[in-house]
Structures are given as structure tokens and as C-alpha cells.
Amino acid sequence: MTEQNGESFRSRLGRRQSSRLDPAIPTEEDKENIAEFAQRLEAAVALLKREIEAIGAGQLEAVTELYERKSRLLKWIELRMPVIEPFLGHETAKEARITENLQELRDVAREDSVLLERMAVAARTIVREMDKALDRNSLSGMYGKSGQKLVEEREPRKSINREY
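Scoring rules and cut-offs
Residues numbered from 1 in each chain as written. Predicted model: local features only at pLDDT ≥ 70, side-chain atom pairs only at ≥ 80, totals over all residues. Heavy atoms only, no water. Helix = DSSP H or I, 4+ residues; strand = E, 2+ residues; numbered from the N terminus. Buried < 20%, exposed > 50% of the residue type's maximum accessible area, 1.4 Å probe, protein only. Contact = heavy atoms within 4.5 Å. Areas by Shrake-Rupley, 256 points an atom, 1.4 Å probe, with all protein chains shown as cover. Phe/Tyr/Trp six-rings, centres within 6.5 Å; stacked < 30°, edge-to-face > 60°. Lys NZ or Arg CZ within 6 Å of the ring centre and 35° of its normal.

Under an unreviewed UniProt entry, the protein chain has the name FlgN protein and belongs to Roseovarius indicus.

Dropping the structure here:
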């Protein structure tokens, strides 16, 4: 977890939870966290939709370009979810549409995952077929006059000169 003002994220969370009278009522800091979480959710949905559109348009280089941003954003959401969860039923989270955005993120992530899996299967199939074709055409080694495969020796034979 990141440090902020010398205090870790977990210790701030623990301090805030223990000092609250009613943990279901968000503080101003909680409201800011909810708003930022909602913005990041919307950004993640938009990024995944962009990737899906790029894949559909055959712009496969976009997958590589968006990968790092996508993984950073999704990791941030994953790490902040425990801070937001206690307030999902609160009016602040409802106004920010957290539940709806989480549902949309799940649906879009599922669609993106299916497309990426199909790309991976297609790439593996192409590689396997290329290997088969290369192996078929190469004869995998050298053959003698009789048609038997010649075994390549790793080291040349050493002969002893007996005429001294």
C-alpha cells in the first residue's frame, strides 16, 4: 500500500473505522474517495470499451498500447474496493452510480476477456500450424542413400594414430 503523510493506507482505514460512531455514515474523506472511485470506474469502462472497439476494427496493436494503463487502473479499483464497500448502500454511493458502474465494468470486462481469449487461441493455432508446416517441409535432419536418418554426431570422432 502507498504511504501518504507517513501513514499507510491500512492504518488510516483502521484509525477512521475505530473513531467513527456510525461506520455507515461517510466522512468528507469517504465522500471524496467515493467520487474518485466513481471516476476511475467510468475511466476503466471507457478504456475497456475502447479496447473492444479496437479489436473489432482489427487494430490489435491497441491491446499492447492499452495494457499497462488498463492493468494499473483495474489494480487501483481492486485495492480501493474495500474502502468503498461499506458505503455502497449510502446515498453518496447511489448518486455516484457506483453499483451500476461496477455492473457495467463487470460486463465489459467479461466481453473484453472473451475477445482476448479468442485472440490467444487464434495465435496458438497459427503458431502450431506453422510449426507443423515447417516440420513437414524440413524432414527434420539428414538422410543417407538408403533412406535412413543419419545421426549427427555432437563431437568429431577421435582417432588414434597407431604409427609412432
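There's more to say after this.
Caption draft 1: Spatial organisation of the overall build of the protein chain. Across its full length, the protein chain carries five helices and two strands. Reading the protein chain from its N terminus to its C terminus gives the helix and strand order β-β-α-α-α-α-α. With 164 residues in all, the protein chain has 23% of them scored as buried. In the protein chain, 66% of the contacts between residues at least 6 apart in sequence involve partners at least 24 apart. Surface summary for the protein chain: the accessible area is close to 12,700 Å², and the carbon and sulfur share equals 52%.

Caption draft 2: View of the packing of aromatic side chains. According to the stated counting rule, one finds one aromatic pair in the structure shown. For the ring pair Phe37 and Trp76, a centre distance of 6.2 Å and an interplane angle of 35 degrees mean the geometry is tilted. One end of the pair, Phe37, is in helix α2 (residues 28–56); the other, Trp76, is in helix α3 (residues 61–84), with 39 residues separating them in the sequence. Cation over ring: Arg40 sits above Trp76, and NZ or CZ is 4.2 Å from the ring centre.

Caption draft 3: Representation of the side chain of Thr92 in the model. Here Thr92 is to be found in helix α4 (residues 91–95). What makes Thr92 buried here is its relative accessible area of 16%.

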